[in-house]
Structures are given as structure tokens and as C-alpha cells.
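Remarks on the overall topology
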Amino acid sequence: MDQSFREPRTQIDPRQRRGVGSVVAILATLLSWAALAFLVALPGARAEVTPKDVQVMLKVVGFLNPPFRGKVPVAIVFDAGNEESKKDADTLKGLLDAAQNGPVALSAKLAAPAELATLDTKVVLVMVGLAPSAIDVIFAAVQGRRILTISTDPACPKAGKCVVSVRTNPKVEILFSDSAAQGSGIEFQPIFRMMMTRV
């Protein structure tokens with residue numbers, strides 16, 4: 001072949017090569033952040049309950065209308081087949097036992113979702129990470145029994161499955177599901193309803 005007809009090589013300007021490298025680096029960074037956001041949003045992601053969370057939960061119980069009196073049984077519902085869920089539930093029970101003060105005495109015990117249908121309880125604390133099917137079991141078990149359901153997962157009241165969710169980090173946030181409250185027969189004092197965000 002006549003070498004004079006050979007196609008010339010395309011020369012890439014070094015500045016263009018550096019620009020392409022920068023774009024690739026930016027895309028890689030964005031993808032890593034997107035992956036992290038996805039992992040954080042997974043239903044099973046753990047959210048450690050803090051003493052401040054527990055204090056707000058106690059205040060929520062104190063604003064019921066009519067209020068609970070005396071010794072109030074509390075069920076901390078967790079996934080019995082998950083060691084991390086059991087550990088988190090034990091931690092929450094310890095925090096709750098240590099935070100007892102005021103006119104209402106909360107008596108907490110751990111329970112599996114299937115136990116709620118026959119369990120004598122007034123408050124159900126729904127642990128983060130429970131499967132949707134377990135949440136449905138809890139929801140069905142509290143209907144019409146005047147049982148207050150509280151979670152630290154905002155998705156629970158947003159789905160109408162829990163009456164209230166409590167979060168204190170980075171700020172105090174209390175979400176309230178009117179439909180879940182009506183289903184379980186729960187009412188709050190008017191002044192407290194003004195402090196919550198209805199979802």
C-alpha cells in the first residue's frame with residue numbers, strides 16, 4: 001500500500017486529556033455519593049436510639065387524651081431473627097428503664113410482632129429495620145385497642161402504619177399520622193397536636 005495514503009493519527013491535546021480525566025473523576029465521585037445515599041435509605045439501615053429520643057417519646061405518651069395513669073405496659077417490637085435488632089431493642093429498654101420519671105411508670109418488655117395480638121400493652125415501640133410484613137402485623141394488632149405506636153423511622157407514620165415517629169437529630173421532629181391514630185383509637189391533647197407535623 002502507498003504510505004502516502006495512510007490515515008493520519010488523531011492527536012489529542014493534553015489539555016483535552018486532562019479535561020476528560022476531570023469529568024471522569026467528578027462522575028465517579030457523584031456515583032459514590034449516590035451509592036452511599038442508597039445504602040443509608042435502605043429499610044434495614046440502623047438508626048441508634050438516643051436518650052434524647054427516649055425523653056421525647058415519654059413526653060409524647062404524657063400528652064395522650066385521656067392520659068395513661070399508673071403502670072403502663074410497653075412492648076418493644078423487634079426482629080427476633082436478627083441479632084442487631086435484638087441488641088438495639090435491649091439498648092432501648094435500658095434507656096427507657098433509666099429514664100423513668102413523672103406520673104406514668106412505663107414497664108417495657110421485648111416482643112415479636114406476632115405476640116402483639118394477645119399482648120396486654122398500651123404503647124408499642126417499633127424498631128427500625130423490621131420487614132414491611134412485620135409492620136403490617138403490628139398495624140393489624142393495634143386496631144381499635146387504644147395502643148400508641150411510636151417509631152424512630154419517619155417512613156412508618158408516612159405510610160400510615162405508626163401513630164408517631166420521633167427523631168431528635170439534627171433537630172426534634174415529631175411526625176403524626178391521623179389515619180393511624182384513628183385506627184388504633186388514639187387521641188392527643190390539642191396543644192400537643194400543634195407541636196407535631198401531620199403526614
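See the structure above.
The following refers to the structure shown. Residue positions are given per chain, counted from 1 along the sequence in the order it is written. Note on the predicted model: pLDDT of at least 70 is required for a residue's local features to be given, and 80 or more for side-chain atom pairs to be given and counted; whole-chain, interface and lining totals, by contrast, use all residues. Hydrogens are left out, water is left out, and the side-chain values use all remaining heavy atoms of the structure.

Things to note about the state of the cysteines
The following threshold applies: Counting rule for disulfides: a pair of cysteine sulfur atoms within 2.5 Å. The buried label goes to any residue with under 20% of its type's maximum accessible area, the exposed label to any with over 50%, and the partly exposed label to all in between, with areas taken from a 1.4 Å probe on protein chains only.
Summed over the entire model, instances satisfying the criterion amount to one disulfide. The disulfide bridge from Cys156 ends at Cys162, spanning 1.9 Å between sulfur atoms. On the sign convention where negative means left-handed, the S-S torsion of about 55° between Cys156 and Cys162 marks this disulfide as right-handed. The exposure classification of Cys156 matches that of Cys162, with both residues buried.

Remarks on the sheet that holds strand 4 (residues 148-151)
Whenever strands of a sheet pair, they do so through backbone hydrogen bonds, lying parallel or antiparallel. Going by this rule: A pair of strands is treated as paired once DSSP finds two or more bridges between them. Put simply, DSSP marks the helices as runs of H or I at least four residues long and the strands as runs of E at least two long, and each gets a number from the N terminus on. Contacts are assigned to residue pairs with any non-hydrogen atoms lying within 4.5 Å of each other. Between N-to-C directions, angles span 0 to 180 degrees; the directions come from axes that are lines fitted to C-alpha atoms, helices contributing only their stretch in contact.
Ordered by their spatial adjacency, seven strands build an open sheet running 2-1-3-4-5-6-7, and the pairing between neighbours is mixed. Edge positions in the sheet fall to strand 2 (104-111) and strand 7 (197-198), since each has one partner strand and no second. Both strand 5 (residues 164-167) and strand 6 (residues 173-176) contribute to a ladder of four bridges, which runs antiparallel. For Val166, the partnering residue across the bridge sits in strand 6 and is Ile174. Each of strand 2, strand 3 (123-126), strand 4, strand 5 and strand 6 is contacted by helix 2 (residues 51-62), which is oriented at about 145° to strand 5, the strand it contacts most.

Topic: the packing of aromatic side chains
The condition is simple: Any Phe, Tyr or Trp ring, taking Trp's six-membered ring, that has another such ring centre within 6.5 Å forms a pair; planes under 30 degrees apart are called stacked, those over 60 apart edge-to-face, and the others tilted. A ring is scored as having a charge over it whenever the NZ atom of a lysine or the CZ atom of an arginine sits within 6 Å of its centre and within 35 degrees of its normal.
Summed over all chains, the structure comprises three aromatic pairs. Measuring from ring centre to ring centre gives 5.3 Å for Phe188 and Phe192, while their planes differ by 45°; the resulting arrangement is tilted. Within the aromatic cluster, the residues linked to one another by ring pairs are Phe63, Phe176, Phe188 and Phe192. A cation over an aromatic ring shows up here: Lys161 above the ring of Phe139, its NZ or CZ 4.6 Å from the ring centre.

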